[in-house]
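# Report on the structure
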Amino acid sequence: MTRTTSDEAAAVIWSEDFLSYKWAHTHPMNPVRLALTMTLAQSLGVLDGVDSRAPLDIDDSALTVVHSTDYVDAVRAVGSGTASLSGPLLERLFGLGDSDNPVFDGMHEAARLLVGGTLAAAQAVASGSVRRAVNIGGGMHHAMKARAAGFCIYNDCAIAIRWLLENGYDRIAYVDIDAHHGDGVQVEFAADPRVLTVSLHQHPATLWPGTGWPTEVGEGDAQGSAVNVALMPDVTDRLWLRAFHAVVPSVLEEFRPQILISQCGVDSHRADPLTDLALTVDGQRAAMQAMRGFADKYCDGRWIAVGGGGYGVVNVVPRSWAHLIGIVLGRDVDVDTTIDESWCATAEQIAEQVHSDYSQAPVTVMGDGGDVGYVSWDGDTGQDPPEGISDSAQRQTDRAILATRRAVYPLHGLDPEDPRD
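All of the points below concern the structure found in this document. Note that the structure is predicted; figures quoted are calculated from it, not measured.

## Concerning the overall build of the protein
Broken down by element type, the protein carries 11 helices and nine strands. The C-alpha radius of gyration computed for the protein amounts to 20 Å, which stays within 12% of the reference 22 Å derived for 421 residues, consistent with globular compactness. Principal-axis analysis of the C-alpha atoms places the extent of the protein at approximately 60 × 55 × 40 Å. By residue count, 60% of the 421 residues in the protein fall in the buried class. A fraction of 79% describes how many contacts in the protein between residues 6 or more apart in sequence connect residues 24 or more apart.

Given below as C-alpha cells:
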C-alpha cells in the first residue's frame, strides 16, 4: 500500500445507519455493498488509525434547497405508512412505488441520512479541516426536484453543490463516471454557469435514462456548462480512459474549478448485471486516481468523492470503493494485493443473503488484471489502434470523443480538433 499524503488531509464519512437505505430483497441496490466495502478497507489496513466522521444530522430544510416540499412530504408519508394518496397516484406524481423505487419503511430518514453524509464531506472540505473527503453512501444522482428516479430518493450531490454555492464557492466542477448519465445533477444546474457538470456514461440510446447526449451542453448563459461523453457498450479500460483524458482535463483546465466533486459509480464494470460497459476494477481505480490528480492540479487538492451505482455487490463494489477510500486517504492499494481469506469467507456467507442476480462470489485479489495503458487521443487523424484494440472499437470511441468536443469546446474557446486543447 502506497501512502501519498498525511492521514489528516482526508475524511471518511460513515454510519452503520447508511445500511437502512434498503429496498426490496430483489432490488439491485443492496446496502450490503457498503458494509462489505468498509470491512474490506479495514482488512487491507486502509482505515488503520482513521476515525470516520458521522453524517450531519440535518432537517428537511436541507433537502428543500433542491427538492419540492410536496415531494419531501410525500416521501416521509409513504415511508411512515401515512400517505393519503393512492399508490398509483404516488407513482405517477412522485415516482414512488415503482419497481425501481419501491416504498420501504423509514425511506425518508434513510435517504436524508445519505444527504447528511455528503453534506458532512462538503463542509469538512469547505472549512479547510481536510482537503479530501469520501462518502460511499452518497452519489444519488438521478433524483429530481419532485421525483424519485433510478434508485435515488434525494439528490445528495445537487444538495451539496447548492450548499457550496451558498457558502463561498462560485466555480464547482462535478465529474460523474457512473455508467448511467448523471441526469439529476445536470438538470438542476443546466442554467447555472457556476457549476460544470461532466458525465461519462453508456450511450443514451442503449441505457436508461436515455439522456446525456453530446448536444446537451447547458442552457442560456450557461451553455458549455454541461459536458456529456456517451460511450457505446463494451468499451474497455484503455478506450474509456482514452475518452476520459481526451475531454475531462481540458474542460477542467478552462473552467478552473475551486472544488471538484466526483460521483464514482462503479456499474461501468464488465461484470455489472445492469449495464454493458466493460471496465475492470483496474480501470476504475485509474480514473479515481486521475480525479485526485485533477483536484491537486486545479483545486488546491479540494476533492469530494461519493459512491453511486454498482450492482456486483459482492464481487465488484467492495473492491472498487475500497480503492476509492484508499485513494482519498492517500493510501493507494496495489491491484495485485491479495484479499484476506477471512473477508472472502464472510463475503461468501453474506452473498447467500443477496438476490442471486447480484451475488457473484467475491474475488480474491484487488484487481482484475486490466490494462490501463491507454493511447492518448491525437485528433481526427485515423490513428491506427494499438495492439489488442480493434479498429472499429477505436473509431467508435473516437467518434464519441469528437461529438463531445465539437458540441462543447467552441463554447469554451477551445479547438475541438486540436488535441492540445
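## Quick notes on the pattern of salt bridges
Per the stated rule, a full pass over the model turns up 17 salt bridges. The partner of Arg242 in a salt bridge is Asp398, and the shortest N-O contact between them spans 2.8 Å. Taken as a pair, Arg242 in helix α7 (residues 237-255) and Asp398 in helix α11 (residues 391-408) lie far apart in primary sequence, 156 residues in all. The two residues Arg242 and Asp398 agree in class, both being buried. One salt bridge connects Glu253 with Arg256, and the closest N-O pair in it is separated by 3.7 Å. Via salt bridges that share partners, Asp60, Asp73, Arg76 and Arg112 belong to a single interconnected network.

## Notes on the pairing of strand β4 (residues 172-176)
In terms of burial, β4 is largely enclosed, as five of its five residues are buried. Both faces of β4 are covered, namely the face carrying Ile172, Tyr174 and Asp176 and the face carrying Ala173 and Val175. With five bridges connecting them, β4 and strand β5 (residues 195-202) associate as parallel partners. In the strand pairing of β5, Tyr174 is matched with Thr197. One ladder, built from five bridges, connects β4 with strand β7 (residues 259-263); its direction is parallel. Each bridged residue has a counterpart across the sheet, and for Ala173 the counterpart in β7 is Leu260.

## Some points on the side chain of Asn101
For Asn101, the location among the structural elements is in the loop between α3 (87-94) and α4 (107-127). Relative accessible area serves as the criterion here: at 1%, Asn101 is assigned to the buried category.

## Some details on the packing of helix α8 (residues 281-298) against helix α9 (residues 317-329)
Where α8 meets α9, the closest approach of the two axes is 10 Å, and the angle between their N-to-C directions is 25°. It follows from the interaxial angle that α8 and α9 lie roughly parallel. Here α8 runs over α9; the crossing is right-handed. Where α8 abuts α9, its residues Val281, Gln284, Arg285, Met288, Gln289 and Arg292 lie against Arg319, Ser320, Trp321, His323, Leu324 and Ile327. Of the residues belonging to the contact of α8 with α9, the class tally is five nonpolar, four polar and three charged.

## Notes on the environment of Ile259
Residue position: Ile259 is located in strand β7. Look at Ile259 and you get buried, because its relative accessible area is 0%. Separated by 44 residues in the primary sequence, Ile259 and Trp303 place their C-alpha atoms 6.1 Å from one another. Sequence-distant contacts of Ile259, defined by excluding residues within four places in its chain, comprise Val125, Leu164, Tyr169, Arg171, Ile172, Ala173, Cys299, Arg302 and Ile304.

## Quick look at helix α10 (residues 341-351)
Buried residues of α10: Trp343, Cys344, Ala347 and Ala351, and no others. For α10, the angular spread of the buried residues around the axis is 95°, confining them to a single face. Exposed and oriented more than 90 degrees from the buried face of α10 are Glu341 and Gln349. Packed against the buried residues of α10 are α1 (32-43) and α9.

## Structural notes on the nonpolar core
Core analysis: the largest hydrophobic core is formed by 138 residues, its most contacted members being Tyr21, Ile153, Trp240, Phe244 and Ile325. Setting aside residues no more than four positions away along its own chain, Ile325 makes contact with Val12, Thr37, Met38, Ala41, Val46, Leu47, Val134 and Ile136.

## Here's the deal with the sheet that holds β5
Where strands meet in a sheet, backbone hydrogen bonds hold them as pairs that are either parallel or antiparallel. Read across the sheet, seven strands follow the order β2-β3-β8-β7-β4-β5-β6 without closing on themselves; strand pairing throughout is parallel. Either end of the sheet is taken by a strand with one partner, and the two such strands are β2 (10-12) and β6 (226-231). Here the average twist between neighbouring strands, direction ignored, is 10°. Here four bridges tie strand β3 (residues 132-135) to strand β8 (residues 303-306), and the two strands are oriented parallel to one another. The partner of Val134 across the bridge, within β8, is Ala305.

## Some thoughts on unusual backbone geometry
Put simply, Trp208 and Pro209 share a cis peptide bond, and its omega is 10°. Inspection of the secondary structure assignment puts Pro209 in the loop between β5 and β6. Phi is positive for Phe151, close to 75°, though the residue is something other than glycine. With respect to the element layout, Phe151 can be found in the loop between β3 and α5 (156-165). Residue classification places Phe151 among the buried residues on the basis of a relative accessible area of 8%. One non-glycine residue, Arg256, lies in positive phi territory at about 55°. When you line up the elements, Arg256 lands in the loop between α7 and β7.

## With respect to helix α2 (residues 69-80)
Across its 12 residues, α2 extends 17 Å between first and last C-alpha, which sits within 8% of the 16 Å expected from 1.5 Å per residue. For α2, the complete set of buried residues consists of Tyr71, Val72, Ala74, Val75, Ala77, Val78 and Gly79. Check the buried side of α2 and you find it contacts α3 and α4. Directly beyond the C-terminal end of α2, a positive phi value near 75° is found at Gly81.

Definitions and limits used
- Residues numbered from 1 in each chain as written.
- Predicted model: local features only at pLDDT ≥ 70, side-chain atom pairs only at ≥ 80, totals over all residues.
- Heavy atoms only, no water.
- Helix = DSSP H or I, 4+ residues; strand = E, 2+ residues; numbered from the N terminus.
- Rg over C-alpha atoms; globule rule 2.2 N^0.38 Å.
- Buried < 20%, exposed > 50% of the residue type's maximum accessible area, 1.4 Å probe, protein only.
- Contact = heavy atoms within 4.5 Å.
- Salt bridge = Lys/Arg side-chain N within 4 Å of Asp/Glu carboxyl O.
- Pairing = 2+ DSSP bridges.
- Axes fitted to C-alpha atoms, helices over the stretch in contact; angles between N-to-C directions.
- Parallel < 35°, antiparallel > 145°, perpendicular 65-115°, else oblique.
- Left-handed = near helix turned anticlockwise from the far one by under 90°.
- Nonpolar A, V, L, I, M, F, W, Y, C, P; charged D, E, K, R; others polar.
- Arc of directions from axis to C-beta.
- Core = buried A, V, L, I, M, F, W, Y, C linked by side-chain atoms within 4.5 Å.
- Expected span 1.5 Å × (residues − 1).

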